[in-house]
Amino acid sequence: MKLNPERTFRIASRDFVDWMDGTAIDVGRYHISLLTAARGVIVLAFILIAAFIVARIVRRLIRRIGGIDPTQRLLSEKVATIIVWTLAFFIGVDALNISLTAFTVFSGAFGLAIGFGLQKTFGNLIAGLILLMDRSIKPGDVIAIADGKEHTFGEVRKIGVRAAIVTTRDNREYLIPNEILMTSQVENWTYSSRTVAISIPVHVTYTSDIAAAEALLLKAAREVPRVVAEPAPSVLLKAFGTASIELLVTVWISDPEHGVLGVRSAVLMAAWQAMQASEAVAMPVPAPAGINLLDSVGIDKLAEALARRHKATDADEQADPAEGG
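Rules of the game
- Numbers given for residues are sequential positions, taken from 1 along each chain in its written order.
- Side-chain atom pairs in this predicted model are given and counted only at pLDDT of 80 or more, local residue features only at pLDDT of at least 70, and totals for whole chains, interfaces and linings cover all residues.
- Only hydrogens and water are removed before side-chain values are computed, so all heavy atoms of the structure are retained for them.
- By the criteria applied, helices consist of DSSP H or I runs no shorter than four residues and strands consist of E runs no shorter than two, each listed in order from the N terminus.
- Buried means the residue's accessible area, taken with a 1.4 Å probe over protein chains only, is under 20% of the maximum for its type, while exposed means over 50%, and partly exposed covers the values in between.
- Contact criterion: two residues are considered in contact whenever any of their non-hydrogen atoms come within 4.5 Å of each other.
- In short, Shrake-Rupley with a 1.4 Å probe defines the accessible areas, and a residue's cover is counted only from the protein chains shown.
- Given the number of residues in a helix, its expected span is that number minus one, multiplied by 1.5 Å.
- Here, the arc refers to the directions that run from the helix axis to the C-beta atoms.
- A 3.5 Å cut-off defines polar contacts: any pair of N or O atoms within that distance qualifies, except that in protein one atom must be a possible hydrogen donor and the other a possible acceptor, and neighbouring residues in sequence count only when both atoms are side-chain atoms.
- The pairing criterion for strands is at least two bridges between them, as found by DSSP.
- Only the stretch in contact is used when a helix axis is fitted, and all axes are lines through C-alpha atoms; the angle between N-to-C directions ranges over 0 to 180 degrees.
- Here, a salt bridge means any side-chain nitrogen of Lys or Arg that lies within 4 Å of a carboxyl oxygen of Asp or Glu.

(A) Representation of the overall build of the chain in the model. Scanning the chain from N- to C-terminus turns up eight helices and nine strands. Within the chain, the proportion of its 325 residues that are buried is 27%. Taking as baseline every contact in the chain between residues at least 6 positions apart, the subset at least 24 positions apart corresponds to 59%. Total accessible area computed for the chain in this model is approximately 22500 Å², and 63% of it derives from carbon and sulfur atoms.

Now the structure itself:
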């Protein structure tokens, strides 16, 4: 008798399915078998892959929409992603024939168990959404950061689910929880405008021509490429010091994410070269450490008295040997 391969395969497949369905355990009124578990794994994998692909497509479509700024685009992407995964969750529950009543009871106990561990995560998620909605801190902003020793600044690269990534000029990356950014005082350099002022103190001697010094400093500030023309640089006389006159040069830049030390150094270097070539302006030279005594009548009398006493002492020493002979 010749066996039909197709029929043999069907019989073997049916036997295998019956074996998987027969290998099971009963939990209450639920019959959980290997067949049910395998079907659930396949459905769950399909839903996860589909949700990942749909969320990615939705994000790409949002990025192609014109007329919205990067902050609104990022907020829309996050909200759309949350909606997609929420729908995927309920579709998975329905596809797996899970009773929502039983799930409610289970989720209550499960939520109570993990609530304390995930409350910070959900808090940071909500804080990140609030930051994006009120636009107080957004990707691309330059904010001041306290690193424990001093305040430095960095650019907000990303606002994630848990934390914001802030990168400093020396390529250090700070992961700051969203709740801290929302509840703490943050210095945002680019909240309403990207134009930032930099104040640079410069000292000149009292013999310098102040008007010439102002002109040299303004010219030096305008020669720096990163200094913007509007608002224009300015020079103010700040104070009369003990050994020099202090001037304050104020310049403006429009790219604070590139740092301020380079601009400060370039302005001071240009000012140094201009003053070296000028005869009307000079920079003060630090005086050597020491004690300088000014002439006065009291000091002159003290010096004369010490000189007379020294002479008298010398005369006594010369007379003592003769008396002893």
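(B) Quick look at helix H6 (residues 210-222). Between the first and last C-alpha of H6 there are 18 Å, a value that for 13 residues agrees with the 18 Å anticipated at 1.5 Å per step. Buried within H6 we find Ala-213, Leu-217, Leu-218, Ala-220 and Ala-221. When H6 is viewed along its axis, its buried side chains cluster within an angular range of 160° and face the same direction. Relative to its buried face, H6 has exposed residues pointing more than 90 degrees away, namely Ala-211, Lys-219 and Arg-222. Of the surrounding secondary structure, the elements contacted by the buried residues of H6 are strand S7 (196-204), strand S8 (234-240), strand S9 (245-253) and helix H7 (261-276). Capping the start of H6 is the job of one residue whose side-chain oxygen sits 3.1 Å from the backbone nitrogen of Ala-211: Asp-209.

(C) Looking closely at the sheet that holds S9. With antiparallel pairing, the three strands of this open sheet are ordered in space as S7-S9-S8. Strands with a single pairing partner mark the edges of an open sheet, and in this sheet they are S7 and S8. If you compare each strand with its neighbour and ignore which way they point, the axes differ by 25° on average. With six bridges connecting them, S8 and S9 associate as antiparallel partners. Paired with Phe-240 across the two strands is Ile-245, which belongs to S9. Docked against the sheet, H7 engages S7 and S9, running at close to 30° with respect to S7.

(D) Spatial organisation of H7. Look at H7: 22 Å from first C-alpha to last across 16 residues, which is about the 22 Å you get at 1.5 Å a residue. When H7 is considered as a whole, its buried residues turn out to be Val-263, Val-267, Ala-270, Ala-271 and Met-275. Buried residues in H7, looked at end-on, bunch into an arc of 130°, giving them a common side. Residues of H7 that are exposed and point more than 90 degrees away from the buried face comprise Leu-261, Gln-273 and Gln-276.

(E) Quick peek at unusual backbone geometry. Looking along the chain, the bond that leaves Glu-230 and enters Pro-231 is cis, with omega of 0°. Among the secondary structure elements, Pro-231 is positioned in the loop between H6 and S8.

(F) Molecular detail of the pattern of salt bridges. All chains considered together, the criterion is met by five salt bridges. Arg-226 is paired through a salt bridge with Asp-255; the nearest N and O atoms lie 3.2 Å apart. Of this pair, Arg-226 sits in the loop between H6 and S8 while Asp-255 sits in the loop between S9 and H7, placing them 29 residues apart in sequence. Look at Asp-255 and you get buried, because its relative accessible area is 15%. For the salt bridge of Lys-238 with Glu-246, the shortest nitrogen-to-oxygen distance reads 3.7 Å.

(G) View of the pairing of strand S5 (residues 163-168). Buried residues dominate S5, accounting for five of its six residues. Bridging between S5 and strand S6 (residues 173-177) involves five bridges; their strand directions are antiparallel. Opposite Ala-163, over in S6, you have Pro-177 as the bridge partner. Where S5 folds back onto S6 in an antiparallel hairpin, the turn is made up of four residues, including Asn-171, whose phi is positive at roughly 65°.

(H) Layout of the side chain of Thr-167. Tracing the chain through its elements places Thr-167 in strand S5. When its relative accessible area of 9% is taken as the criterion, Thr-167 is described as buried. Not counting the four nearest positions on each side in its chain, Thr-167 is found in contact with Gly-154, Glu-155, Arg-157, Arg-172 and Glu-173.

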